[in-house]
Amino acid sequence: INESGMGVFYTTEGKNAVEEAYTLRKKYNAVLYPDPDIKKFSAIKNHSSVHIIAHHRDSFLIFNNGTVILEEVINYFSKNNSFASFNICDSFDQNNLKEKYYAYNKSIAQQVLKKGVNKVLTHNWELGQNAAIELSKYFYDNKTKLNMRANQPSEYGGYMVWGKLN
């Protein structure tokens, strides 16, 4: 991550979400966007890395002051973004599991990759906020020594990294 390359779009609803955002600002000089409306997401184009901390339900991202349509947020991503992280729950479309050989995947990761982003970090089920904070402290440094064992296995969030292998 370069000095000013990260943008963090986050909810202020919980203290853990705020702590995660401020950790990223301190470690990586990230630009913070608290409780963004859809217009604020246009700033995605200004960052090589984008980190989103929000609640997720159906086709919406939920922030302290309202909701935004996820598809509209995804439309702001492009090949100019090298990495996107979604610290949200249930980013995989469970309906895809019902088809044996589905050709169109509706998961957030697949949609963002189609926009040209190189790598995407998502979570397949409910995400424990303590696990999210722990991951955000070290993931961007490519450190492998995460203290995830301090959290319950179900809180790890089913972390998945999608994209090109380097």
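Residues numbered from 1 in each chain as written. Predicted model: local features only at pLDDT ≥ 70, side-chain atom pairs only at ≥ 80, totals over all residues. Heavy atoms only, no water.

## A short note on the sheet that holds strand 5 (residues 60-63)
With respect to topology, three strands assemble into an open sheet ordered 4-5-6, the strand pairing being antiparallel. Because the sheet does not close on itself, it has two edges, and the strands there are strand 4 (55-57) and strand 6 (66-69). Pairs of neighbouring strands in the sheet enclose a mean axial angle of 30°, with direction left out of account. One ladder, built from three bridges, connects strand 4 with strand 5; its direction is antiparallel. Note that in strand 5 the partner of H56 across the bridge is L61. (Pairing = 2+ DSSP bridges. Helix = DSSP H or I, 4+ residues; strand = E, 2+ residues; numbered from the N terminus. Axes fitted to C-alpha atoms, helices over the stretch in contact; angles between N-to-C directions.)

## Topic: the environment of S78
The residue S78 is located in the loop between helix 2 (70-74) and strand 7 (83-87) in this model. For the pair S78 and K115, spaced 37 residues apart in the sequence, the C-alpha separation amounts to 4.9 Å.

## Brief notes about the packing of aromatic side chains
This model, assessed by the stated rule, comprises four aromatic pairs. Between F41 and F63, the aromatic rings sit 6.0 Å apart at their centres with planes inclined by 50°, giving tilted as the arrangement. Of this pair, F41 sits in the loop between strand 2 (31-34) and strand 3 (49-53) while F63 sits in strand 5, and the two are 22 residues apart along the sequence. The burial state of F41 is the same as that of F63; both residues are buried. Ring geometry for F77 against F86: centres 5.9 Å apart, planes inclined by 45°, an arrangement best described as tilted. (Phe/Tyr/Trp six-rings, centres within 6.5 Å; stacked < 30°, edge-to-face > 60°. Buried < 20%, exposed > 50% of the residue type's maximum accessible area, 1.4 Å probe, protein only.)

## Considerations on the nonpolar core
Residues I52, L61, F77, F86 and V112 are the most contacted members of the largest nonpolar core, which totals 24 residues. Discounting chain neighbours no more than four positions away, the residues touching V112 are I74, F77, A84, F86, V117 and V120. The next biggest cluster of nonpolar side chains, apart from the first, holds 10 residues, and it includes V8, L24, Y28 and L32. (Core = buried A, V, L, I, M, F, W, Y, C linked by side-chain atoms within 4.5 Å. Contact = heavy atoms within 4.5 Å.)

## Overview of the confidence of the model for the protein chain
For the protein chain, per-residue confidence averages 78 on the pLDDT scale, and residues scoring 70 or more make up 63% of the total. Averaged over each element, pLDDT in the protein chain is lowest for helix 4 (residues 129-138) (62) and highest for strand 2 (98). Long-range and interchain partners of residues 143-148, a stretch whose pLDDT sits below 50, account for 10 contacts in this model, where long-range means more than four residues apart. (pLDDT = per-residue confidence, 0-100.)

## Quick word on the pairing of strand 3
Buried residues dominate strand 3, accounting for five of its five residues. Burial along strand 3 is two-sided: the face carrying S49, H51 and I53 and the face carrying V50 and I52 are both buried. Here strand 1 (residues 6-10) pairs with strand 3 via five bridges, running parallel. If you follow G7 over to strand 3, its bridge partner there is V50. The pairing of strand 3 with strand 7 spans five bridges and is parallel. The residue bridging I53 from the neighbouring strand is N87, located in strand 7.

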